[in-house]
Amino acid sequence: MSFLDDVAVMLGRAPRKAKRHTDAAEIAHGRKRGKGLEVTRLLEVLAAAPKSHTWRNRRWAVLISVNLLFVFSFWLDIQVLEGSLTASRFLGFHLADVYSSGLIMLSEKHVAVNLVIGSATVLLLWGLIGGRSFCSWACIYHLVAEWAESLHLKLAAAGIVSDHVLHRGIRSLLWVLFAALAFATGQALFLTLNPIGILSRALIYGPSLALGWVLLLLAFEVVYSRRAWCCYLCPIGLTYGVLGAATPVRVRYNLERCAHEGECRKVCEVPHVLEMTIKGRAPDTRVDVGPDCTRCGLCVDACPTRSLEFEVKGLSRLL
Ligand code: SF4
Ligand code: SF4
């Protein structure tokens, strides 16, 4: 897919089948036709191997450390990472969430130099290390939503709840709506509803009544729609996805190794980015996963044939 296609899919368009495959991809697809039994046998062998949680564990360690650094900086007054995930200072350098900063400036109709510097630093950081990597490697809501997702999956397996897929375009509409509201009313309403800011501040400064809203959101995800906030609603995730669309840090797909059984799509919170893993879809033998990918690594851990791996464009494969 082209860069513009990738962005259109992020904004809510359904992924389209590739119009043409490269010659190498055609050969690889051709080789796989009629090999169902062989693949089943291969997967039986691979399924016996212990499941890996390597990337999930690395990610949780980083995410928890970042958020605890906020807590200890405040409690011990050591001024390493001050503030919260919405706006902070790391060793004196301003960091500010890009979308939230934009809303504040729109509502105040004033360009605040600190917010511009903080947003530019964050933009550079996440532009380099992977757009929505913010979501799965730093965002505290992502972590609690993963735990809520486990509960949702257990209840769904028991037939108590079922998942309802919403339209991803809702996220783009909310993005525009909150921006327009901030400009028109002079109030950044989103900041009141933003579960990332609410949870981050609760962790650092203590709980508030706003936590009730976060619990409601999580309950909605458990009983009605798996990972609804991160998949269909969060304008912050959308912002980092679009701004990081050209980032060099990617998950890369290898068609030749793939068995097409779909373990990756089962664990992915944004499975539309893994459409190329469906038999016959990949346009090339190597395909970069699209910018809505949070680089969580769950598919890398789950894939029994190592068909999905982290890569930094221009550098060797990550371990
Ligand atoms: S990429 Fe997905 S479908 Fe292909 S082998 Fe890996 S888990 Fe299975
Ligand atoms: S494609 Fe893989 S790394 Fe990206 S969000 Fe889905 S599971 Fe995570």
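Counting restarts for each chain: residues are numbered from 1 in the order of the written sequence. Here every chain gets a letter starting at A, and every ligand a number starting at 1, in the order they are written. A pLDDT threshold of at least 70 governs which residues receive local features in this predicted model, and a stricter bar of 80 or more applies before side-chain atom pairs are shown or counted, although totals over entire chains, interfaces and linings include all residues. The side-chain figures draw on all heavy atoms in the structure; neither hydrogens nor water molecules are used.

K.L.:
Quick question: what am I supposed to make of the domain arrangement of the chain here?
P.N.:
Accessible area lost upon the coming together of the parts is a frequently used measure of interface size. Split into domains, the chain comes out as domain 1 (3–12 + 21–50 + 248–312) and domain 2 (56–242). The start and end points of each domain follow an automatic or database-based domain assignment. On a C-alpha basis, the centroid separation for the pair domain 1 and domain 2 is 28 Å. Two parts lose some accessible area (1.4 Å probe) when they are put together, and adding that loss for both gives the buried area. When domain 1 packs against domain 2, close to 1700 Å² is buried across both sides, 49% of that on carbon and sulfur atoms. The partner of Arg 171 in a salt bridge is Asp 292, with the nearest N and O atoms 3.0 Å apart. Secondary structure follows DSSP: runs of H or I at least 4 residues long count as helices, runs of E at least 2 residues long count as strands, and numbering of each begins at the N terminus. Elements supplying a minimum of two residues to the side of domain 1 that touches domain 2: α1 (3–11), α15 (263–267) and α16 (298–302). The element that contributes the greatest number of residues to the side of domain 1 that touches domain 2 is α1, accounting for three residues. Residue polarity is assigned by list, with Asp, Glu, Lys and Arg as charged and Ala, Val, Leu, Ile, Met, Phe, Trp, Tyr, Cys and Pro as nonpolar; anything else, Gly included, falls into the polar class. Split into classes, the residues belonging to the side of domain 1 that touches domain 2 amount to 12 nonpolar, three polar and five charged. Salt bridges are defined by distance alone: a side-chain nitrogen of Lys or Arg within 4 Å of a carboxyl oxygen of Asp or Glu.

K.L.:
Would you explain the packing of aromatic side chains in this entry?
P.N.:
Aromatic rings in a pair are described by how distant their centres are and how their planes are angled relative to each other. Ring pairs are drawn from Phe, Tyr and Trp, using the six-membered ring of Trp, whenever the two centres fall within 6.5 Å, and their geometry is named by plane angle: stacked under 30 degrees, edge-to-face over 60, tilted for the rest. Taken as a whole and assessed by the stated rule, the structure comprises 12 aromatic pairs. Here Trp 60 and Trp 147 contribute two aromatic rings whose centre-to-centre distance is 6.1 Å and whose plane-to-plane angle is 85°, an arrangement assigned as edge-to-face. Taken as a pair, Trp 60 in helix α4 (residues 54–75) and Trp 147 in helix α8 (residues 140–157) lie far apart in primary sequence, 87 residues in all. In this structure an aromatic cluster arises from ring pairing among Tyr 99, Trp 175, Phe 178, Phe 190 and Trp 229. By definition here, charges over rings are those cases where NZ of Lys or CZ of Arg is within 6 Å of the ring centre and within 35 degrees of the ring normal. The ring centre of Trp 60 lies 4.4 Å from the NZ or CZ of Arg 56, which sits over that ring. Over the ring of Trp 55 we find Arg 58; its NZ or CZ atom is 4.5 Å from the centre of that ring.

K.L.:
What is the right way to read the sheet that holds strand β2 (residues 87–90) from this model?
P.N.:
Sheet strands associate in pairs through backbone hydrogen bonding, adopting either a parallel or an antiparallel arrangement. By this definition, two strands are paired if DSSP reports at least two bridges between them. As summarised here, the arrangement of the three strands in space is β1-β2-β3, forming an open sheet in which the pairing is antiparallel. Single-partner strands in this sheet number two, and they are β1 (81–83) and β3 (93–96). Recorded for the sheet is a direction-independent mean angle of 25° between the axes of neighbouring strands. Pairing of β1 with β2 involves three bridges; the strand directions are antiparallel. Inter-axis angles, ranging from 0 to 180 degrees, are taken between N-to-C directions of lines fitted to C-alpha atoms, where helices are fitted over the stretch in contact.

K.L.:
Help me understand unusual backbone geometry, please; the structure alone is not making it clear to me.
P.N.:
In most cases, non-glycine residues show a negative phi, while peptide bonds are predominantly trans. Of note, Asp 77 is a non-glycine position whose phi angle comes to about 55°, a positive value. Tracing the chain through its elements places Asp 77 in the loop between α4 and β1. The class of Asp 77 is exposed, set by a relative accessible area of 58%. Here Leu 91, not a glycine, exhibits a phi torsion of approximately 50°, which is positive. As for its placement among the helices and strands, Leu 91 is situated in the loop between β2 and β3. Relative accessibility under 20% of the residue-type maximum defines a buried residue, over 50% an exposed one, and the middle range a partly exposed one, all with a 1.4 Å probe and only protein chains included.

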